[in-house]
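Listed here are the chains, written in short residue letters.
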Protein chains: 2
Amino acid sequence: MPDYKTPLRDIRFVHDELLGYPAHYQSFPEFKEVTPDLVQSILEQGAKFAEEVLAPLNRVGDREGCTWSEGGVVKTPTGFKEAYRQYVGSGWPGLAAPLAHGGQGLPESLALTLLEMIGSANWAWGMYPVLATGAKRTLDTHGTDEQKKVYLPKLVSGQWTGTMCLTEPHCGSDVGLLRTKAEPQADGGYRITGTKIFISSGEHDMAENIVHIVLARLPDAPAGTKGISLFIVPKFVPDAKGEVGRRNGVSCGSIEHKMGIHGSATCVLNFDGATGFLLGPPNKGLNCMFTFMNSARLGTAMQGLAHAEVAFQHATRYARERLQMRALSGAKAPDKPADPIIVHPDVRRMLLTAKAFAEGARMLIYFCAQQVDIADRGADEAQRTKAESLLALLTPIAKGFLTEVGVESAYLGMQVFGGHGYIAEWGMEQNLRDARISTMYEGTTGIQALDLLGRKVLGSQGQALMSFTKIVHKFCKANENNAAIKSLVEPLGLLNKEWGDLTMKVGMGALQNRDEAGAAAVDYLMYSGYVTLAYFWAAAADVAAAKLAAGTTEEGFYKAKLQTARFYFARIVPRTRSHAAAIQSGGGNLMEMNEADFLIGS
Amino acid sequence: MPDYKTPLRDIRFVHDELLGYPAHYQSFPEFKEVTPDLVQSILEQGAKFAEEVLAPLNRVGDREGCTWSEGGVVKTPTGFKEAYRQYVGSGWPGLAAPLAHGGQGLPESLALTLLEMIGSANWAWGMYPVLATGAKRTLDTHGTDEQKKVYLPKLVSGQWTGTMCLTEPHCGSDVGLLRTKAEPQADGGYRITGTKIFISSGEHDMAENIVHIVLARLPDAPAGTKGISLFIVPKFVPDAKGEVGRRNGVSCGSIEHKMGIHGSATCVLNFDGATGFLLGPPNKGLNCMFTFMNSARLGTAMQGLAHAEVAFQHATRYARERLQMRALSGAKAPDKPADPIIVHPDVRRMLLTAKAFAEGARMLIYFCAQQVDIADRGADEAQRTKAESLLALLTPIAKGFLTEVGVESAYLGMQVFGGHGYIAEWGMEQNLRDARISTMYEGTTGIQALDLLGRKVLGSQGQALMSFTKIVHKFCKANENNAAIKSLVEPLGLLNKEWGDLTMKVGMGALQNRDEAGAAAVDYLMYSGYVTLAYFWAAAADVAAAKLAAGTTEEGFYKAKLQTARFYFARIVPRTRSHAAAIQSGGGNLMEMNEADFLIGS
């Protein structure tokens, strides 16, 4: 398998040239020291760790997987534990954690950039720290001072990791059905009883303790989602000094045999009267868990980027080396037995698709990350509200759309290899297997689509959508006479308008029949994703064109940006036509068939 | 994993009601006894074998895989050998083989129908007989009487199996690069030396001998594809009585570790001065091998159908059982804790997509199978030529397009299961892993697209395309006043015309620059596939509407056909918009980037 190489230059382009991260950081009093030099040095160290420590373990993790043994002991693949030790030793877990709890207090957007590197190098390994980050964030937001004092320093240092315990055998998307019980005890704690499944990092050998963040029901809690509370259930209950104490009544009953991310332990956890502590207010557990879920959703969006980047890098390197057939327009490497396959237009189509999605995803995600910084720390409430509104809209798009195109990119990356793509040793089939979970966990694409269209867009009477279309509109207006990108700005303006029109139409239909929203949702999500990336590609082209006009020593880099933008508009944007048509076709074509008639031919 | 159930009713619909198989069979003197009753009885027996013997081995095959041991011995998974014994015992290998060599002389189209059942139940197992069928066909077409006498009876009985040895480490799509040598010997035979990779069924324990059909170069043969000859290289050289004789110099060096079809042994074969026999004329090997490849391509198209059918069946059953959330339009199963997920529009969208592709694929493939019968045995030369022309056009569409939508269907089938789809025990992830090879082997989608657009359509100045568009045009003309399907016939007529127009445009562009054909090819293939299935769905709707109008006891079945046709036109046909736009965007957006600039950001 070829090596992963961190695209530091492109990250710098997105951070500094496109999104103005240096000024963004300087706008926060607490980030005055976060200079471009500091950022560059951190990213370089992160890249080194990802490339040298994690990437070599990616195939090992896939081949060995995790192993479960009697008594609920889970062993991670060879090298995972040692890599985690190094990760902790270098202080990475605390990068964006509060100074008060031992963290380095750096921006969340920087931690997300670290996740890109870690995740691209070895997504399965990255699942352990990423879940810990979510737990940390949830505790920091909803915990009592006492709880923070006990748990945060250990999570920040990386001595302990965390999990998110939501799914049960009979309930995934429908959290309201959950049955895990929490019975209050005389000492103020709770006894937690129930079974949770699909718990990533639920049990492992990498850290001395695991802090489970668990959804459960109090006695006499209202039915459905309004009767769910959140609990801290540590694997080992901390003692008076906050160190690992007695073993708690939670155990790993088994681990799942999955299609991919074999190095990540996916656990069945049995809570058998385990000691738990209420986190946040009673019956408000789902609201509190959204802190975890939103962070996890942006993290999962990153998985779309990671697999697209890997597919793009490896397939491009292969396409430049593999000799097969002559270019249709005449030999390009006449001294060789055949031309490298990158001369073939269709191979380029596949590579450029993955490239446009990887780099497009990078722009969208780091734009979201910037909004996270502002929502978390913005001095001005109006600014925070605006950032939250943008995040509300863009998080389901990032999670839903980027994972779908991430899988497509992984698919195309394999395809470039021909039959070799199907063979384990090249690593491309692992990339697709690992990517495949991303559209299912943390809310399926269908769930993201309902969240986007129903909850966010229609739920706000279109206000959430406008938080973004206004930005696009402003960009188009500002560039209507910009000859260098006119051919992109014009179609972008039309799409932006159509986006609003389609929303209106679906909204009107949904007023008559709520199934109309469900029938449009996934096509609406994909449409929104293509338009969102179209904006970022036009914006990137604007930056690149300006650099080229001003003169640059990096002509190749900026020309490639412009060319990828043109490719995106010419070959990818037309997909909006089929989604727009499907959205407008209405729900009748989905709903008219009797349930019993689906399988009548079989 | 839920059981596979053979869709006998739908097969009957396609064979008898849509394509008129009974009259088709009666038109051949040798098939006078092939009555609907006989066909039904054969299909029922085939279904029983597929459901009861093969389907239960599907998961076993995936889990165990094949094992290679020192000395080149390959062991197939538990139960595979015994299933093959039963298959041979029931006479299945000879179904469509010539009576003269011990076969039953039944139509090729019937053997392809058997392949649907076998392949849907267990694609990996089906690889062994399917390769033997290709070898049989190639020997029957190009072998000498002596060669046929030695090899055909054993292949027809199933005592021996066969392989197709084409790929070498440095050459896949580019067969012209192959290096395997064939040196003539004094006895009229040849010494074959070289290495072949990716040889399916290249070594196994299911049959007493394996007949390799091998591409190699004679000494002083012209370079490239014009210097390739075809050879028979048996694992054991037949003795004077035609029985298994001495072990030949061909051995299995290793087997590949693949993403899926683990039960199918994918072998590296080392030919070390092995004895071979020339098959067909010298230096015409590639032409002869096309007999094998065309048969293999239609067989691989069937893989698209198989995985789509499995995805559809299993996901539909799951969607009717899994309770999760309430319908947006109000509870549908108020007595249960939640509604079955089939009430949700987006779940239906995924199921209907897989259904439309599975049933659409069935129509296209059995139409092709009918043309194979005619091309093989038609009494009238004009009729044979017409069938060959249709097959030339439709084979790359069937192989290229149906495998792509087969993979998509397998993807959606998993998606319906949510996180459970990722877990091995449900079988849905295996279905996707097994499906994934179909767009790569037997010529990638890119290769099929070049074959379709370059060789077939433009190579015949559009004549090959017209062999099919004329049929569509006639259908549209005949149904222009058919109120029941007017809403389908109108868009179909427009698409059919646009298909020709797009072809003309690409053809003109390719005259200027041949890369234009390569740049349009895959989008052209996909466009062609969507239009081709649109014709079959309109034709199916026509049959169904007529049955409903005439009165039927199977109202649900025919209504579901009409509804699926409407779904296909409303939700799938719009994809032609994005492909048409991509085709017309030209090659510039793919070719302008410098090779060195692709990876410049990394």
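Residues numbered from 1 in each chain as written. Chains lettered and ligands numbered in written order. Predicted model: local features only at pLDDT ≥ 70, side-chain atom pairs only at ≥ 80, totals over all residues. Heavy atoms only, no water.

(A) A look at the domain arrangement of chain A. Residue and element names in this part refer to chain A. The assigned domain composition of chain A is domain 1 (8-142), domain 2 (160-282) and domain 3 (460-586). Computed from C-alpha atoms alone, the centre-to-centre distance between domain 1 and domain 2 is 24 Å. The partner domain 2 presents 27 residues to the 25 residues of domain 1 that form the contact. Summed over both partners, the interface of domain 1 with domain 2 buries about 2200 Å², with 70% contributed by carbon and sulfur atoms. Our count for the domain 1 to domain 2 interface comes out at zero salt bridges. (Domains from an automatic or database assignment. Contact = heavy atoms within 4.5 Å. Buried area = accessible area lost by both parts, 1.4 Å probe. Salt bridge = Lys/Arg side-chain N within 4 Å of Asp/Glu carboxyl O.)

(B) Local environment of the interface of chain B and chain A. Contact with chain B, which involves 109 residues of that partner, is made by 109 residues of chain A. Carbon and sulfur atoms supply 60% of the area buried between chain B and chain A, which totals about 9300 Å² over both sides. On the chain B side of the contact with chain A, Tyr 422, Arg 571 and Phe 598 of chain B bury the most area, a combined 10% of that side's loss. Inspection of the chain B/chain A interface yields six salt bridges. For Glu 592 of chain A, the salt bridge identified is with Arg 566 of chain B, shortest N-O distance 3.2 Å. Linking chain B with chain A are 53 residue pairs in polar contact (both at pLDDT 80 or more), by the criterion used here. Tallying contributions element by element places helix H17 (residues 555-572) of chain B first for the side of chain B that touches chain A, with nine residues. Looking at the side of chain B that touches chain A, its residues break down into 48 nonpolar, 31 polar and 30 charged. (Polar contact = N/O pair within 3.5 Å; in protein donor to acceptor, adjacent residues only side chain to side chain. Helix = DSSP H or I, 4+ residues; strand = E, 2+ residues; numbered from the N terminus. Nonpolar A, V, L, I, M, F, W, Y, C, P; charged D, E, K, R; others polar.)

(C) Spotlight on helix H9 (residues 285-321) of chain B. Across its 37 residues, H9 of chain B extends 54 Å between first and last C-alpha, which sits within 8% of the 54 Å expected from 1.5 Å per residue. The buried count for H9 of chain B comes to 30 of 37 residues, which makes it a mostly enclosed element. (Expected span 1.5 Å × (residues − 1). Buried < 20%, exposed > 50% of the residue type's maximum accessible area, 1.4 Å probe, protein only.)

(D) Just the relation of the copies chain B and chain A, in detail. Superposition of chain B onto chain A requires a rotation of 180° combined with a translation of 0.0 Å along the rotation axis, giving an RMSD of 0.0 Å. Taken together, the rotation angle and the small translation identify this as a two-fold axis. When the interface residues of chain B are mapped onto chain A, 100% of them again fall at the interface, so both copies present the same face. (Least-squares fit on C-alpha atoms with pLDDT ≥ 70 in both.)

(E) Looking closely at the nonpolar core. Core analysis: the biggest nonpolar cluster contains 412 residues, and Trp 125, Leu 402, Phe 468 and Tyr 568 of chain A together with Trp 125, Phe 468 and Tyr 568 of chain B have the highest contact counts within it. Here Leu 402 of chain A is in contact with Ala 301, Gly 304, Ala 361, Leu 364, Ile 365, Ile 397 and Leu 533 of chain A, once residues within four sequence places are set aside. (Core = buried A, V, L, I, M, F, W, Y, C linked by side-chain atoms within 4.5 Å.)

(F) Broad picture of the pairing of strand E6 (residues 209-216) of chain B. Residue and element names in this part refer to chain B. In terms of burial, E6 is a largely internal element, eight of the eight residues being buried. Of the two faces of E6, the one holding Asn 209, Val 211, Ile 213 and Leu 215 and the one holding Ile 210, His 212, Val 214 and Ala 216 are both buried throughout. Relative to E6, strand E3 (residues 160-165) runs parallel, the two sharing six bridges. Bridge assignment links Thr 161 to a residue of E6, and that residue is Ile 210. Here E6 pairs with strand E7 (residues 229-234) via six bridges, running antiparallel. Bridge assignment links Ile 213 to a residue of E7, and that residue is Ile 232. (Pairing = 2+ DSSP bridges.)

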